[in-house]
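# Coordinate analysis (summary)
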Amino acid sequence: MARPREFDTTEALSQAMQVFWSKGFKATSLNDLLDAMGLSKSSFYDTFGSKHEVFLETIEHYKKTMTAQFSGVAGLNSPARRLIESLFDRAVSRLTEEGGQRGCYLNNCVVEVALHDPQAAKLVNGGISLMEDAFFALVQRGQSEGDIASDKDPRVLARFLTSSLNGLLVLGKANPDREALTDISKTTLTVLG
């Protein structure tokens, strides 16, 4: 009979994600993961299989938690344009607070490993697609509310907003200057008309 797990898998993934987010995939050692997750080697290997497998699971975990929160904004009862603005404002605030320069976990994964890791690239792309779909829903709603130009393709705007927000998150890692990031955010939002 197999012994029951004596740890919370979701919490262990959260801890592993924090390590990868801070150090990157390549710089994270097995010992870093074991320490953060509070696991023995045998529990780690029995549950996750390998460093790469736990890394892939952390990307999926991020999609289910953080990206799902982002997607949930589209369902809030507030003018769509204001919700889009708030997503950019929140990114600027997060980047300029103490310890906020880690950027977006998905972006970090793209930059470090996606080119050489098709499994990670597929998972990251799924997360970015969720962001795009949230922007798409908001743009469509904003167009029907009359706050976003209706002569623009909502999918094209959603792609542009997704790209711009991710670019902002990358730039903020190198230069967390509130004024500069706010300028970028405001200029980006002018495309909404």
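Residues numbered from 1 in each chain as written. Predicted model: local features only at pLDDT ≥ 70, side-chain atom pairs only at ≥ 80, totals over all residues. Heavy atoms only, no water.

### Notes on helix α1 (residues 9-23)
Between its first and last C-alpha atoms α1 spans 21 Å; for 15 residues at 1.5 Å apiece the expected length is 21 Å, and the two agree. Within α1, the full set of buried residues consists of A12, L13, S14, A16, M17, V19, F20 and W21. The elements touched by buried residues of α1 are α2 (30-37), α3 (41-48), α4 (51-72) and α6 (105-114). Structurally, the start of α1 carries an N-cap: the backbone nitrogen of T10 is 2.9 Å from a side-chain oxygen of D8. Where α1 ends, the next residue or the one after it, G24, has phi of about 90°, a positive value. (Helix = DSSP H or I, 4+ residues; strand = E, 2+ residues; numbered from the N terminus. Expected span 1.5 Å × (residues − 1). Buried < 20%, exposed > 50% of the residue type's maximum accessible area, 1.4 Å probe, protein only. Contact = heavy atoms within 4.5 Å. Polar contact = N/O pair within 3.5 Å; in protein donor to acceptor, adjacent residues only side chain to side chain.)

### Comments concerning the packing of aromatic side chains
One pass over the structure, following the stated rule, counts ten aromatic pairs. Where F70 meets F135, the ring centres are 5.4 Å apart and the plane angle is 80°; that geometry is what we call edge-to-face. Residue F70 is located in helix α4, and its partner F135 is located in helix α7 (residues 118-145); the two are separated by 65 residues in the primary sequence. Here the aromatic rings of F88 and F135 are separated by 6.1 Å at their centres, their planes lie at 35°, and the arrangement is tilted. Residue F88 is found in helix α5 (residues 80-96), and its partner F135 is found in helix α7; the two are separated by 47 residues along the sequence. Here a set of aromatic residues connected by ring pairs shows up, and it is made of F20, F25 and F55. Taking the ring centre of F25 as reference, the NZ or CZ of K51 above it sits at 4.5 Å. (Phe/Tyr/Trp six-rings, centres within 6.5 Å; stacked < 30°, edge-to-face > 60°. Lys NZ or Arg CZ within 6 Å of the ring centre and 35° of its normal.)

### Things to note about the packing of α6 against α7
A pair of packed helices is characterised by two quantities: the angle between their axes and the separation of those axes. Here α6 crosses α7 at 155°, and the two axes come no closer than 10 Å. The angle between α6 and α7 falls in the class roughly antiparallel. Crossing of α6 against α7: the hand is left-handed. Together, L106, C109, V110, V113 and A114 of α6 and P118, A120, A121, V124, G127 and I128 of α7 make up the contact between the two elements. The residue inventory of the contact of α6 with α7, partitioned by class, reads ten nonpolar, one polar and no charged. (Axes fitted to C-alpha atoms, helices over the stretch in contact; angles between N-to-C directions. Parallel < 35°, antiparallel > 145°, perpendicular 65-115°, else oblique. Left-handed = near helix turned anticlockwise from the far one by under 90°. Nonpolar A, V, L, I, M, F, W, Y, C, P; charged D, E, K, R; others polar.)

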